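Read off the chains here:
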Amino acid sequence: MPSRVEIHYCTQCRWLLRAAWMAQELLTTFEDEIGELVLKPGSGGVFEVRADDQVVWSRKEAGRFPEITELKQVVRDVIAPERHLGHADRKTGDR
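Residues numbered from 1 in each chain as written. Predicted model: local features only at pLDDT ≥ 70, side-chain atom pairs only at ≥ 80, totals over all residues. Heavy atoms only, no water.

- Under an unreviewed UniProt entry, the name given to the chain is SelT/SelW/SelH family protein, and the source organism is Marinobacter halodurans.

Quick look at the sheet that holds strand β3 (residues 47-51)
Part 1 of the argument: Across the sheet, four strands lie side by side as β2-β1-β3-β4; this open sheet has mixed pairing. Edge positions in the open sheet fall to β2 (34-42) and β4 (54-58), since each of these has one partner strand only. Sheet twist, expressed as the mean angle between neighbouring strand axes with direction ignored, is 20 degrees.
Part 2 of the argument: In the sheet, strand β1 (residues 3-10) pairs with β2 via eight bridges, with the strands oriented parallel. Bridged to H8 within β2 is K40.
Part 3 of the argument: Of the strands in this sheet, β1, β2 and β3 are in contact with helix α1 (residues 16-29), which crosses β2 at around 175 degrees.
Part 4 of the argument: Packed on one face of the sheet, helix α3 (residues 68-79) meets β1, β2, β3 and β4 and runs near 170 degrees to β4. (Pairing = 2+ DSSP bridges. Helix = DSSP H or I, 4+ residues; strand = E, 2+ residues; numbered from the N terminus. Axes fitted to C-alpha atoms, helices over the stretch in contact; angles between N-to-C directions. Contact = heavy atoms within 4.5 Å.)

A word on the pattern of salt bridges
Part 1 of the argument: A full pass over the atoms with the stated rule returns eight salt bridges.
Part 2 of the argument: A salt bridge links R4 to E36; the nearest nitrogen and oxygen atoms lie 3.4 Å apart. Of this pair, R4 sits in strand β1 while E36 sits in strand β2; the two residues are 32 residues apart in sequence, bridging distant segments of the chain.
Part 3 of the argument: On the accessibility criterion, E36 (38% relative accessible area) is partly exposed. (Salt bridge = Lys/Arg side-chain N within 4 Å of Asp/Glu carboxyl O. Buried < 20%, exposed > 50% of the residue type's maximum accessible area, 1.4 Å probe, protein only.)

And the structure:
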């Protein structure tokens, strides 16, 4: 069953372009695994990514935005754990 990814971003902070770019990267990488990707406007500095209702990245918790390779890895770990991401994948033993 195709997965659902949601990017909740702050409109006050003008993070739409960042959210849209990350959405494009995820849709390109996981074209067969993602059935729906939602950009959800919010406020208060929110930047949170969910995959199948599981928070995989929170700017508040991490204290920063994810690098795109990091984001692909954490999304992959939820929606397609068996999938290898090639050069963007973490090295064996990295977690």
